[in-house]
Structures are given as structure tokens and as C-alpha cells.
Amino acid sequence: MVVTRFAPSPTGPLHLGHAYAAIVAHDMARAAGGRFLLRMEDIDRQRSRGGWDQACLDDLAWLGLTWDGLLYQSTRLPAYQAALDRLEAMGLLYGCTCTRGDIKAALSAPQGGILPSEGPDGLVYPGTCRGKPVTSGALRLDLTRAVNRAPHLEFTETGTRPGLHRIDPLQMLSEVGDVVLARRDMGTSYHLSVVVDDAFQGVTHVTRGEDLFEATQIHVLLQRLMGLSSPIWHHHALIRDDEGRRLAKRDDARALMTYRAEGATPADIRRMVGLG
Ligand code: GLU
Ligand code: ZN
């Protein structure tokens, strides 16, 4: 059974890029007689305050999509805590009280002028707090210990970079670093909740924009550490505007509801994103 999902963060109107992502996931499930699920990634309560979830559901229904389940991440905090407890019991977490400024200072001090590198989780953390108790601050994954426990990682991609991808632990240490798994104000993070919920929802094929391709190694590692099965990955190209810029949610001019108000039909939207 093929199970796909569309997982928007309800922090603004859906735009053409979202329509594309939702249709790709929906059509893959429908073509296979499988299930298409929705997930509201609303762990950032501040940014998700605006009631955009309902507007998003309206847009998806207008597009003609149907779904077989809907999960709000804001209801899942106990599951994220259980996952953190499990990783902590394995000795893989530590507490970090660094600010972004602290991290920048620590990174730029010795190299003098060399720009700190940005990975799929932002600045590669220099490990200042490694070994600190988990009782304060954000929780980070001790990546050295983690890759030692899960050394041979690979994943299957069927989208933009098709094939079997082997994850290089050394490259991951230098390009990703000790990722934050729980922010103090949220009790979780994007990486942790996406992995816990894809497993909970039984997702077999993760379709999403290729901007998240580099994050996949983090997700595969977390799946292995927690004994969760790893889905097939299908990253797709991002829809860009006429100037080649990525469409951002704040770009209200490109919101689906704007096209709707101007009289576009769902078939027009499919054509505009190249899925007509
Ligand atoms: N919520 C994420 C976004 O809006 C997508 C997460 C995912 O597909 O893994 O970009
Ligand atoms: Zn720190």
C-alpha cells in the first residue's frame, strides 16, 4: 500500500509551489490505489497562529484533492517527548544553551575570516556544549555517537536524484553537525517531528521539494536510531517565479487564493505548475 503525505506549515497562504507538492503526493497515492494524508506542521505555535490551516484545507479541496487522514503536529508533543526520552536513554542527547551569536563566535574565532559553513540544520555546531546534561536549553544530537551506532546508512530516492544514496558519516559530521532535536520553546524540532510522524502515519513515500534533500540524511539516521522503517524518498523540483526565484509563502501575489479570486480553475493551476 502506497501512503504519501503533504505536510505544510500553516503560517501563510498556500502558493503555486504548495499546489505542485500537494498534487504530486496526491496523484502518486491515487495512481497506486494508496492513501494520501495531510499533516499540519504547526509545532511553531507563534508562527501558526493565523488560522491558515483552514484556508489551506479549503484550497486543497478546491483543487479537487481528497485526503484519507489529517494530523496536527501540535497534538503530538507526548510522542515527540517519548522519542527524545528514547534517544536520551541511548546517551545521544545533550543540552545546549548557546545563542546563534555564541555559535558564530565559536566558529569564527580560530579560522579568522573563514565563513562558518551552513548545513541542512543551519550553522554546523562546533560542539561547545557536548556532554552537558539535558536539563537546560535546546537538545542536540551527539552526531559522533549517533553515526557510531548507525554506521551504514542508505536511502532510495526516486525523484530528482534517482538511485540508492549511501550516507557518508564523516561528511555528515563536517556538513551537518550536532542537529537540534528539541528547541526549548517547542519541545521538538522539524527533524524530530517529521520522522516521528512519518512513521506514525505509515508514510511509505515521502514526496517533497528538493530543498529538503540534504535533510534526508538526518531523517534516515533518526529512523535507524529509533528502529523506524525508512520510506522511499521522492524529491521534486521547486516551482519558481518568472525571475527564477523560489516562491515563498509570504509572496501573497502568488497565493492560490489570489488565482482563485481572479477566476482561475483547478485545471489552470495544474497547467501552471506543469501537471496539466
Ligand atoms: N513542512 C515542511 C514545509 O512546509 C515540509 C516538510 C516535509 O515535507 O518533510 O516545507
Ligand atoms: Zn551550546
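- For the protein chain, an unreviewed UniProt entry supplies the name tRNA glutamyl-Q(34) synthetase GluQRS and the organism Stagnihabitans tardus.
- UniProt, in the comment section headed Sequence similarities (unreviewed entry), describes the protein chain in these words: "Belongs to the class-I aminoacyl-tRNA synthetase family."

1. Concerning the coordination of the zinc ion (ligand 2)
- Bound to the zinc ion (ligand 2) are the protein donor atoms Cys 96 (SG), Cys 98 (SG), Tyr 125 (OH) and Cys 129 (SG), situated 2.0 to 2.3 Å from the metal.
- Considering all 4 donor atoms around the zinc ion (ligand 2), angles at the metal cover 96 to 125 degrees and the coordination shape is tetrahedral.
- Mapped onto the sequence, the residues coordinating the zinc ion (ligand 2) show the spacing C-x1-C-x26-Y-x3-C. With a gap of 31 residues between them, Cys 98 in the loop between strand 4 (93–96) and helix 4 (100–111) and Cys 129 in the loop between strand 6 (122–123) and strand 7 (138–141) connect regions that are remote in the sequence.

2. Structural notes on the pairing of strand 1 (residues 3–6)
- Side-chain alternation along strand 1 places Val 3 and Arg 5 on one buried face and Thr 4 and Phe 6 on a second face that is also buried.
- Alignment of strand 1 against strand 2 (residues 35–40), held across 4 bridges, turns out to be parallel. In the sheet register, Arg 5 faces strand 2, and the bridge partner there is Leu 37.
- Where the polypeptide runs from strand 1 across helix 1 (residues 16–31) and back to strand 2, its parallel neighbour, the crossover connection is right-handed.

3. Describing the side chain of His 236
- Tracing the sequence through the fold places His 236 in strand 12 (residues 232–236).
- Assessed through its relative accessible area of 6%, His 236 is described here as buried.
- Among all residues touching His 236, those that are not within four sequence positions of it are Tyr 20, Ala 21, Val 24, Thr 160, Thr 207, Arg 208, Gly 209 and Glu 210.

What counts and how
Residues numbered from 1 in each chain as written. Chains lettered and ligands numbered in written order. Predicted model: local features only at pLDDT ≥ 70, side-chain atom pairs only at ≥ 80, totals over all residues. Heavy atoms only, no water. UniProt positions renumbered as here; feature names shortened; annotations may be inferred. Donors = N, O, S within 2.8 Å, 3.2 Å for Na, K, Ca; no water. Tetrahedral: all angles 85-135°; square planar, octahedral: opposite > 155°, others 65-115°. Helix = DSSP H or I, 4+ residues; strand = E, 2+ residues; numbered from the N terminus. Buried < 20%, exposed > 50% of the residue type's maximum accessible area, 1.4 Å probe, protein only. Pairing = 2+ DSSP bridges. Right-handed = clockwise from strand over helix to strand, strands pointing away. Contact = heavy atoms within 4.5 Å.

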